[in-house]
Amino acid sequence: MDDIEAELGISRSVGNEDFSDSSEDERVARKIRPPILLHSSTAQARAKESGFHESSRLCLKAIRDAMLHHHWQEAAQYLSAYSQTLEDTTVNKQSLACEIIWRLGTEILQHHPNSRLEDFNALYEQMKNSGVKNYAKICLEHSFHLLLNGHIYDAKRQLSVAASWRYGKQSVPQSLDLKLIHAYCGFLDYVIWHMKKSSVSEAEDNSSNREMHSYFRQASVTLQEIIAQPGVWDPFVLSYVDMLEFYNDQEEALKVLQNYAYNKDYPSNPNAHVYLYQFLKRHEAPPAKLISILKVLHHLVPSHELMQEYCYLLVNSVVPGHLEESLPVVFNLLDYPSWKNDLDTWNCLLTVMTVFKRKGLQHLIANEWKQRKDFWLTMHYRAYHGRKDSELNRELLLVKAKVAKLLGEHGKPDHFFKYKLLIIFIFLMF
């Protein structure tokens, strides 16, 4: 939008000047300067612009106003007229106009009631031919649009053409765009491989399907090359692992996932540990391995949905110390508002507390409760929560009441008085 504002001549407010070294009189003088001076450069620029440039600027303003009011058909008509700016012989103006038409054109077509896939294709092809500066980005966006509309082979062709494109000296942004294009070429090879795999009947020998294996080889070479570079490559890693598992190469798949999760050259990525955990769980790994992975995930994202599984694994573990670790895990989970109405999480807490009470570990419950009783009473045990739980989920109300009973043993009983009184009243009513 900055380019559009610059083209329209919209000035930003000037209110962040540093007056620290100025005297009081100078600061007052600067603050009361005539505001007309702030726009003098814009006024001078407009005085020098040609009639064609003035018409283009007014047309762009009309497009912006129509889009702001969601008048998409009107915006499309103005955009058609604004496309004449592509004939501007000024290099900077032409490059700017190309990017504006590309950005605004796709947005208008997304909302236009009568837009077709052919309209998108025409726009993308026109922009690729007009703006070589953004060629790679436009090709990548075009392939995404085709992919979302189910035209996978067309999307793959677009990426293949873009991968071989070169123009002038390659800049850093262009290099990153080409890396992404290369990555998605491999991903689309995987998508086509997956389609071929799904279409093969059970009676047919998979190893004889040469076309499917051809896509596997293309995808595996590309994806292996991409994920070897430090970065966040979630969909590409999952695609590569899926193919390796299909061909029973679990050892290589495990190496890929372990490297993605634990290589210090890669950015910290909770998903990497989730994928490794899910892989080991599918292949029935020992609980100790699963616990070690979820321990790292808990450190990164204590509110992750897998923390319930982590808690049950700790409770059922025979390793000394694991049971004691389970209580903070589930308490931490319920510190987050997103879990406050989750029945499974409250059941998990009730189960853990019951086990702790049976094993004589009530002092650990007291320690956890002492840290959070002030905000938990407000967050979970106000009378309002009881009324809401009774309307939406009475089972949750009962579980929270049982937890409150156990927690009440480690504090003042009147902490939960209103909540318990409300529960009694609700059940007397029903």
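Residues numbered from 1 in each chain as written. Predicted model: local features only at pLDDT ≥ 70, side-chain atom pairs only at ≥ 80, totals over all residues. Heavy atoms only, no water.

Draft legend 1. Examining the overall build of the protein more closely. The secondary structure content of the protein amounts to 22 helices and zero strands. Long-range pairs, those at least 24 residues apart, make up 60% of the contacts in the protein with a sequence separation of at least 6. Summed over its atoms, the accessible surface of the protein is roughly 24700 Å², and 53% of this surface lies on carbon and sulfur atoms. (Helix = DSSP H or I, 4+ residues; strand = E, 2+ residues; numbered from the N terminus. Contact = heavy atoms within 4.5 Å. Areas by Shrake-Rupley, 256 points an atom, 1.4 Å probe, with all protein chains shown as cover.)

Draft legend 2. Fine view of the environment of A97. Within the secondary structure layout, A97 lies in helix α6 (residues 91–111). Considering only alpha carbons, one finds A97 and L86, eleven residues apart in sequence, at a separation of 6.3 Å. Discounting chain neighbours no more than four positions away, the residues touching A97 are Y82, T85 and L86.

Draft legend 3. Structural detail: helix α12 (residues 234–246). Between the first and last C-alpha of α12 there are 18 Å, a value that for 13 residues agrees with the 18 Å anticipated at 1.5 Å per step. Within α12, burial applies to D234, F236, V237, S239, Y240, V241, M243, L244 and E245. Once α12 ends, the next one or two residues include N248, with phi positive near 60 degrees. (Expected span 1.5 Å × (residues − 1). Buried < 20%, exposed > 50% of the residue type's maximum accessible area, 1.4 Å probe, protein only.)

Draft legend 4. The packing of aromatic side chains, seen in detail. Applying the stated rule across the entire model yields 16 aromatic pairs. When the centroid spacing of 6.1 Å and the interplanar angle of 45 degrees are considered together, the rings of W193 and Y247 count as tilted. Here W193, found in helix α10 (residues 172–199), pairs with Y247, found in the loop between α12 and α13 (250–262); they are 54 residues apart in sequence, far enough to count as distant. For W193, a relative accessible area of 0% gives the class buried. For Y247, a relative accessible area of 26% puts it in the partly exposed group. With a centroid separation of 6.0 Å and 85 degrees between ring planes, the pair formed by Y260 and Y266 is classed as edge-to-face. As far as burial versus exposure is concerned, Y260 and Y266 are alike and both buried. Taken together, the ring pairs in this structure connect F144, Y184, F187, Y190, W193, F216, W233, F236, F246 and Y247 into an aromatic cluster. Above the plane of the ring of W102 lies R103, whose end atom (NZ or CZ) is 3.8 Å from the centre. We note K400 situated over the ring of Y381; from NZ or CZ to the ring centre the distance is 5.6 Å. (Phe/Tyr/Trp six-rings, centres within 6.5 Å; stacked < 30°, edge-to-face > 60°. Lys NZ or Arg CZ within 6 Å of the ring centre and 35° of its normal.)

Draft legend 5. Expanded view of the environment of L406. You can see L406 is positioned in helix α21 (residues 394–408). Along the sequence, L406 and Q362 sit 44 residues apart, while their C-alpha atoms lie 9.3 Å from each other. Contacts of L406, omitting those with residues within four sequence positions, involve L350, M353, T354 and K357.

Draft legend 6. Focus on the nonpolar core. Counting 89 residues, the largest nonpolar core has W346 and L349 as the members making the most contacts within it. No other element matches the ten residues that α10 contributes to this core. Apart from the residues within four sequence positions on either side, W346 is in contact with L334, W339, K340, W376, H380, Y381, L396, V399, K400 and V403. Residues I63, M67, L86 and Y124 belong to the second largest nonpolar core, which totals 24 residues. (Core = buried A, V, L, I, M, F, W, Y, C linked by side-chain atoms within 4.5 Å.)

Draft legend 7. Examining the packing of helix α8 (residues 135–148) against helix α9 (residues 152–163) more closely. Look at α8 against α9: their axes get within 8 Å of each other, and the N-to-C directions meet at 170 degrees. As far as their axial angle goes, α9 and α8 are roughly antiparallel. Between α8 and α9, the contacting residues are Y135, C139, L140, H142, S143, L146 and L147 on the first element and I152, D154, A155, Q158, L159, V161 and A162 on the second. Across the contact of α8 with α9, the residue classes break down as ten nonpolar, three polar and one charged. (Axes fitted to C-alpha atoms, helices over the stretch in contact; angles between N-to-C directions. Parallel < 35°, antiparallel > 145°, perpendicular 65-115°, else oblique. Nonpolar A, V, L, I, M, F, W, Y, C, P; charged D, E, K, R; others polar.)

Draft legend 8. A look at unusual backbone geometry. Backbone geometry at H70 places phi at a positive 60 degrees, although glycine is not the residue there. Among the secondary structure elements, H70 is positioned in the loop between α4 (51–68) and α5 (72–82). Judged by relative accessible area, which is 55%, H70 ranks as exposed. Phi angles above zero are rare outside glycine, and N248 is one such case at about 60 degrees. By secondary structure assignment, the location of N248 is in the loop between α12 and α13. Given the relative accessible area of 60%, N248 is considered exposed.

Draft legend 9. Local environment of the pattern of salt bridges. Applying the stated criterion across every chain, the model contains twelve salt bridges. Among the salt bridges present, the one from K61 reaches D65, with a minimum N-O distance of 3.2 Å. You can see K61 and its partner D65 sitting in helix α4, four residues apart, about one turn around the helix. Accessibility expressed as a relative area gives 39% for K61, which makes it partly exposed. (Salt bridge = Lys/Arg side-chain N within 4 Å of Asp/Glu carboxyl O.)

Draft legend 10. The arrangement of the side chain of H380 in detail. For H380, the location among the structural elements is in helix α19 (residues 362–380). Polar contacts involving the side chain of H380 include one to the main-chain carbonyl oxygen of L334, which spans 2.9 Å. (Polar contact = N/O pair within 3.5 Å; in protein donor to acceptor, adjacent residues only side chain to side chain.)

Draft legend 11. Representation of the packing of helix α20 (residues 383–392) against α21 in the model. Packing of α20 against α21 leaves a shortest axis separation of 6 Å and a crossing angle of 135 degrees. Classed by the angle they form, the pair α20 and α21 counts as oblique. Contacts from H385, G386, D389, S390 and L392 in α20 reach R394, L396, L397 and K400 in α21. The class makeup of the residues in the contact of α20 with α21 is three nonpolar, three polar and three charged.

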